[in-house]
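# Understanding the architecture of this molecule
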Amino acid sequence: MTKPVSRKPGKKGHGDISVKNSSKKRASKTQKAHQYQQEKSQKWTVVFAICCLLVGAVAVALYIVPTIHFALKDNASSKKDFQEQKRAFKDDGVDRKNKKGREKSTGSPVQDLGPEFKDFKLSIQSKLKIKNIKENDHEMIIHELKHDNPKSSVHAYIVENFLSDVECDGLMMVHSRHVSELNKQVPIICFDSLKSFREYLKDAKLKIKVSPNDFTRGTTCINETFSAKLQAHFKWSYSTAFYPGESKFSTLFADKIQKATGLKVENGGKFQITSYPQGVGYKNHTDCIVNHPDKRDRYATVLVYLRDVEEGGETEFPLLGISVKPRKGLALIWNSMNSRGECDPFSLHNAAKVIKGHKFIIQRWYYYHNFPSLGRRPQEPLLPQRMANQPRVSCDEYEQGSCRWYDEWNYDHLLDYTANLQNLI
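Everything numeric in this text was worked out from a predicted model, so none of it was measured.

Parameters and conventions
- Residues numbered from 1 in each chain as written.
- Predicted model: local features only at pLDDT ≥ 70, side-chain atom pairs only at ≥ 80, totals over all residues.
- Heavy atoms only, no water.
- Helix = DSSP H or I, 4+ residues; strand = E, 2+ residues; numbered from the N terminus.
- Buried < 20%, exposed > 50% of the residue type's maximum accessible area, 1.4 Å probe, protein only.
- Contact = heavy atoms within 4.5 Å.
- Areas by Shrake-Rupley, 256 points an atom, 1.4 Å probe, with all protein chains shown as cover.
- Disulfide = S-S within 2.5 Å.
- Core = buried A, V, L, I, M, F, W, Y, C linked by side-chain atoms within 4.5 Å.
- Expected span 1.5 Å × (residues − 1).
- Arc of directions from axis to C-beta.
- Pairing = 2+ DSSP bridges.
- Axes fitted to C-alpha atoms, helices over the stretch in contact; angles between N-to-C directions.
- pLDDT = per-residue confidence, 0-100.

### Description of the overall build of the protein chain
- For the protein chain, the helix and strand inventory stands at 7 helices and 18 strands.
- Split into buried and exposed, the 425 residues of the protein chain put 37% on the buried side.
- Restricting to contacts in the protein chain with at least 6 residues of sequence separation, those with at least 24 account for 78%.
- Working note: accessible area of the protein chain is about 26800 Å², and carbon and sulfur atoms make up 54% of it.

### Things to note about the state of the cysteines
- Scanning the entire structure with this criterion turns up 3 disulfides.
- Residue Cys190 pairs covalently with Cys221 via a disulfide, S to S 2.0 Å. On the sign convention where negative means left-handed, the S-S torsion of about 95 degrees between Cys190 and Cys221 marks this disulfide as right-handed. Here Cys190, found in strand β5 (residues 188-191), pairs with Cys221, found in the loop between α4 (194-203) and α5 (224-231); they are 31 residues apart in sequence, far enough to count as distant. This pair shows no difference in class: Cys190 is buried, exactly as Cys221 is.
- Paired through a disulfide, Cys288 and Cys343 show a sulfur-sulfur distance of 2.0 Å. Judged by the sign of its S-S torsion, about 75 degrees, the cystine formed by Cys288 and Cys343 is right-handed. Within this pair, whereas Cys288 is found in the loop between β8 (282-285) and β9 (298-305), its partner Cys343 is found in the loop between β13 (331-335) and β14 (349-351), the two being separated by 55 residues in sequence. This pair shows no difference in class: Cys288 is buried, exactly as Cys343 is.
- Counting its disulfide-bonded cysteines in sequence order, the protein chain shows a connectivity of 1-2, 3-4, 5-6.

### A word on the nonpolar core
- By size, the foremost hydrophobic cluster in this structure holds 34 residues, and its most contacted members are Phe162, Leu163, Phe253, Leu263, Leu306 and Ile362.
- Elements with a contribution of two residues or more to this core: β4 (156-159), α3 (165-182), α6 (248-261), β7 (268-276), β9, β13 and β16 (359-367).
- In terms of residue count, α6 provides more of this core than any other element does, 5 residues in total.
- Not counting the four nearest positions on each side in its chain, Leu263 is found in contact with Gln125, Leu128, Ile257, Gln258, Tyr299, Ala300, Val302 and Tyr366.

### Let's talk about α6
- The first and last C-alpha atoms of α6 sit 20 Å apart over 14 residues, in line with the 20 Å expected at 1.5 Å per residue.
- Those residues of α6 that sit buried are Phe249, Ser250, Phe253, Ala254, Lys256, Ile257, Ala260 and Thr261. Angular distribution of buried residues about the axis of α6 spans 160 degrees; they occupy a single face of the element. Residues of α6 that are exposed and angled more than 90 degrees away from the buried face: Lys248, Leu252 and Lys259.
- Looking one or two places after α6, you find Gly262, whose phi comes out positive at around 80 degrees.

### Here we look at unusual backbone geometry
- Pro384 follows Leu383 through a cis peptide bond whose omega is -5 degrees.
- Among the structural elements, Pro384 can be located in the loop between β16 and β17 (392-395).
- For Lys205, which is not glycine, the phi dihedral falls at a positive 60 degrees.
- The residue Lys205 is located in the loop between α4 and α5 in this model.

### Observations regarding the sheet that holds strand β11 (residues 315-317)
- The sheet built from 4 strands is open, its strands ordered β8-β14-β11-β12 with antiparallel pairing. In this open sheet, the two edge strands, each paired with only one partner strand, are β8 and β12 (322-324). Across the sheet, the axes of successive neighbouring strands diverge by a mean angle of 10 degrees, strand direction being ignored.
- Of the strand pairs in this sheet, β11 and β12 are connected by 3 bridges, and their pairing is antiparallel. Among the inter-strand pairings, Phe317 is bridged to a residue of β12, identified as Ile322.

### Regarding the pairing of β4
- Side chains Ala156 and Ile158 project from β4 onto one buried face, and the interleaved Tyr157 and Val159 project onto a second face that is buried too.
- Two strands pair when backbone bridges link them, and β4 and β13 are joined in this way by 4 bridges, in the antiparallel orientation. Bridging from a neighbouring strand, Tyr157 pairs with Ile333 of β13.

### Quick look at the confidence of the model for the protein chain
- Of the residues in the protein chain, 72% reach a pLDDT of 70 or more, and the chain-wide mean stands at 82.
- Segment residues 1-27 is flagged for pLDDT under 50; beyond a separation of four residues in sequence, or across chains, it makes 0 contacts in the model.

Below, the structure is given as C-alpha cells:
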C-alpha cells in the first residue's frame, strides 16, 4: 500500500498574492509593448512625412523652378525681341499694322535695307497713253501699226525722228568706243544651261563633248581659256548700258518717252545700246515671261534705231504680221503685257539677221510693277573669277534667244541665284 505524500503547508494567503503580482507584471508588459508600438508608428509617420517633403522639395527644385525660370527668360526674351523689332520698324518708317506685308520670304521682318527699299513706293504701269508731242517747234506724230489678231492686247506704234541725227551719232560713237576698249580682253562665255551649251556647239559645227565639270565653280560659265577657244566660232551682238541719272541725256530721253507714251520714269529700267554686226540677229522671244505670276516684268518696250540698215535687221512680230525696217531716229513702241499684268504670247518678236550693213539701236524696258532696285546699277557678283572690266557673253536658251556680249555682269549665270529666284525681294 502506497504511503501518501504530505505537503508542507504554506503561509496564509501567499498563493493569491503571487498570482496577482504575475497578472500585474503581464499587464505592465502589455501596456509598455502597446506604448512602444505607438511610439514606433509615430516615428515612421514622421519619417514618411519628412521623406515626402524632401521628394516634394526635389521636384520643386528640378521642375517647377526651372519652368518658372525659363518662362521668365522667354518672356524677357520676347519683350526684348519685340522692342528690337519695334525699334527696327520705327527706324524703317514701317507701321506695325503693315508688318506682315513687309516680311521677307523667311518670315523675318525687313531690316538693314538700303534707302531704295525704305523709300520705295509701288508704281503700276498698266496702259500706254499715246499722244503727239512737240520739240524745238517740230511735231512728232505717232502712228499705230494695226494688226488683225483679236486675241492680242498688243498695240505697236512708230514715231519718226524721235531722236535727232546728232543724238543718234553720239550714242553710236560712245557705244563703239566702249566696246572696242573692253574687247581687248577675252569675254567669258556663259550659257543658260548645259543643254543650251551643247546646242550652241552643235550649231557652230563643233564636235566637243561637255559636262557640268566644264562650268566654273557656282556658275554656268566656262573659263577664259575655253572661251577664247570658242570665240572664233560664235557670233553675237554687243550691248552696253547706262542708268538713269548717269548722264543728262538719260533724263531728257526718259522725260520725252513719258510725254509721248505715258510710260512713267519710275517704272523704267536701264538704257541699253545694242549693235548687230553682219550675219547677227536675235531669235523669236517675248520680252516678258508667259504664264508667270510675277508682275515685276516688262510691260512695254521703247526701241529707237540709230542708223539705217541696207538690208535685213527688221523687227518682226510674226503672230501679228508686223515688220519694221530700221531707219535712223525712228522709234518703235509696243506693250508686251495686258492691263492685268499678264504676258501676251502674241508679243513674240525677233530681230532679223543683218544681211548688209550694221545695225544700232537703243532700247528701254518699262515694268508693270516697279521694284526697289529697278533702274539702279547693280553691284556685280564675285563669280566667276575674272579681270577688272572683263566682258561677258550670255547665250540664252537656244530655242528662244541668241548670244550677246555685255559690258556688265548680272546674276543670271549664278547657280544659287537661279535656284532661289522666287525668294528674292
